[in-house]
Amino acid sequence: MDSKKKLLSIGEVSERTGVNSVTLRAWQRRYGLVTPQRTPKGHRLYSEQDVQHIQEILSWLDKGVPVSQVKELLGVNENHVENVQNLPEWDTLKNLVTNFEVKALEARLYELTKNYPIQVLESKLFEPLTDWFDKQTSEAGALCAQIWRAQLNNVLVHCLHMNKKVKGKQKCWIVSVTRDQSFRFYLKALALQSEGYTVTTLGGVGAGLSILGKSMVDKGVSRFVIHSDQAFTPAMKREIAELMMSADLQVEVSGECTKIHPELAMASMGLANRPHNSM
């Protein structure tokens, strides 16, 4: 009986590790990385040892090791393997964009989101490739940058809506202060989903942040993320600062604005560690 109590559902493991259920299933079926137990009805159950195993897999992925090569490295001292800046799919994606293979690019991106946690893709592929495309100064390079961002957005939006089938234990809203959402907006939303939140997204909220934030307490929302890749206006900064004083709502800023307004970013980090009233 005690051993059964220690077993976790796939949803609980996903919340603990940040690896969504689709990826956990792919690691089992395609790569034999994790083999959970099964209930009589076929539901997966994971032990604490399985969770530690998943954490080890994540540490290798963070080093830039492809998921297809992780199995042979499990149990190996990580200090003996150097960090790799990007995953090998870097060249594949870049070539698909520069050759205008839009459908193949979309299919490859979908496949990657099934095999890798979104945080790994963000740091090892999406951000580095975006930086590379943005540095291209030719007309063709600018076109490639547009194609890359458009297809990346499409895939991330699709993943976000597919993940909404899984209901999180807590509610979170993420809003963008501009009408056009960047891929980083959707990456943040997906990261919040991987933390176990039921996420509501809203774009084009250029005013009334304090009104919206205060209404969330009554709606049972515990976290409010305000995303911007641009500087906030003085009025927005005041509204956000006031919202951060709330004891019932965790308010956070995300996007490039964290570099522009480090004081708000630091306040967000402090609030993340502050105990909140249960909803």
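Residues numbered from 1 in each chain as written. Predicted model: local features only at pLDDT ≥ 70, side-chain atom pairs only at ≥ 80, totals over all residues. Heavy atoms only, no water.

Peer 1: I'd love a proper account of the pairing of strand β6 (residues 221-227), names of residues and values included.
Peer 2: Of all 7 residues in β6, 7 are buried; the element is thus mostly enclosed. Sheet topology places strand β4 (residues 170-176) next to β6; 6 bridges connect them, and they run parallel. Looking across to β6, one finds that Trp173 is bridged to Phe224. Between the parallel elements β6 and strand β7 (residues 250-254), the chain passes through helix α11 (residues 234-243) in a crossover that is right-handed. (Buried < 20%, exposed > 50% of the residue type's maximum accessible area, 1.4 Å probe, protein only. Helix = DSSP H or I, 4+ residues; strand = E, 2+ residues; numbered from the N terminus. Pairing = 2+ DSSP bridges. Right-handed = clockwise from strand over helix to strand, strands pointing away.)

Peer 1: Lay out the nonpolar core in plain terms, naming residues and giving numbers.
Peer 2: Among the nonpolar cores identified, the biggest contains 56 residues, and Trp27, Phe126, Trp148 and Leu156 are the most heavily contacted of them. Considering every element that reaches this core, the biggest residue donor is helix α8 (residues 139-163), with 9 residues. Leave out the neighbours within four places in its chain, and Leu156 touches Ile118, Phe126, Phe183, Tyr186, Leu187 and Leu190. Residues Val175, Leu243, Val251 and Leu264 belong to the second largest nonpolar core, which totals 20 residues. (Core = buried A, V, L, I, M, F, W, Y, C linked by side-chain atoms within 4.5 Å. Contact = heavy atoms within 4.5 Å.)

Peer 1: Explain the side chain of Ser47 residue by residue, including any values.
Peer 2: Mapping Ser47 onto the fold places it in the loop between β3 (44-46) and α4 (48-62). For Ser47, the contacting residues outside a window of four places in its chain are Lys6 and Leu7.

Peer 1: Any chance you could break down the pairing of β4 for me, citing the residues and the numbers?
Peer 2: The element β4 is largely enclosed, with a buried count of 5 among its 7 residues. Pairing geometry for β4 and strand β5 (residues 197-202), over 6 bridges, is parallel. Bridge assignment links Lys171 to a residue of β5, and that residue is Thr198.

Peer 1: Can you tell me about α8, naming the residues and giving the values?
Peer 2: For α8, which comprises 25 residues, the first-to-last C-alpha distance of 36 Å matches the rise-based estimate of 36 Å (1.5 Å per residue) to within 8%. Every buried residue belonging to α8 is among Gly141, Cys144, Ala145, Ile147, Trp148, Gln151, Leu152, Asn153, Val155, Leu156, Cys159 and Leu160, and all of these are buried. On its buried face, α8 sits against α5 (89-98), α6 (102-115), α7 (118-134), α9 (183-194) and β5. (Expected span 1.5 Å × (residues − 1).)

Peer 1: Give a detailed account of the confidence of the model for the protein, specifying residues and quantitative values.
Peer 2: Averaged over every residue, the pLDDT of the protein is 88; residues scoring 70 or more account for 90%. Between the elements of the protein, mean pLDDT differs from a low of 52, seen in helix α1 (residues 2-5), to a high of 96, seen in α6. Low pLDDT, under 50, characterises residues 275-279; the stretch is placed with 12 contacts to residues that sit more than four places away or in other chains. (pLDDT = per-residue confidence, 0-100.)

Peer 1: Kindly report on the pattern of salt bridges, identifying the contributing residues and their values.
Peer 2: For the structure shown, the criterion picks out 12 salt bridges. Here Arg184 and Glu127 are joined by a salt bridge, their closest N and O atoms 2.8 Å apart. Within this pair, whereas Arg184 is found in helix α9, its partner Glu127 is found in helix α7, the two being separated by 57 residues in sequence. Using a relative accessible area of 15% as the deciding quantity, one classes Arg184 as buried. (Salt bridge = Lys/Arg side-chain N within 4 Å of Asp/Glu carboxyl O.)

Peer 1: Could you give an account of the packing of helix α3 (residues 21-29) against α6, naming the residues involved and the relevant values?
Peer 2: Between α3 and α6, the least distance of the axes is 7 Å, while the angle of their chain directions is 85 degrees. The angle between α3 and α6 falls in the class roughly perpendicular. Along the contact surface, α3 presents Val22, Thr23, Ala26 and Trp27, while α6 presents Thr113, Lys114 and Asn115. A per-class count over the contact of α3 with α6 returns 3 nonpolar, 3 polar and 1 charged. (Axes fitted to C-alpha atoms, helices over the stretch in contact; angles between N-to-C directions. Parallel < 35°, antiparallel > 145°, perpendicular 65-115°, else oblique. Nonpolar A, V, L, I, M, F, W, Y, C, P; charged D, E, K, R; others polar.)

Peer 1: Let's hear about the sheet that holds β5: which residues, and what values?
Peer 2: The parallel open sheet is built from 4 strands, whose spatial order is β5-β4-β6-β7. Each edge of the sheet is formed by a strand with only one pairing partner; in this case those strands are β5 and β7. Adjacent strand axes in the sheet meet at a mean angle of 20 degrees, parallel and antiparallel pairs treated alike. Strands in contact with helix α10 (residues 209-218) are β4, β5 and β6; relative to β6, the strand with the most contacts, it is inclined by about 160 degrees.

Peer 1: Tell me about the packing of aromatic side chains, and please be specific about residues and values.
Peer 2: Scanning all chains against the criterion turns up 4 aromatic pairs. Relative to Tyr186, the ring of Phe185 lies with its centre 5.2 Å away and its plane at 80 degrees, an arrangement referred to as edge-to-face. Neither residue differs from the other here; Phe185 and Tyr186 are each classed as buried. Members of the aromatic cluster, joined through ring pairs, are Phe126, Trp132, Phe133 and Trp148. Over the ring of Trp132 we find Lys94; its NZ or CZ atom is 4.6 Å from the centre of that ring. (Phe/Tyr/Trp six-rings, centres within 6.5 Å; stacked < 30°, edge-to-face > 60°. Lys NZ or Arg CZ within 6 Å of the ring centre and 35° of its normal.)

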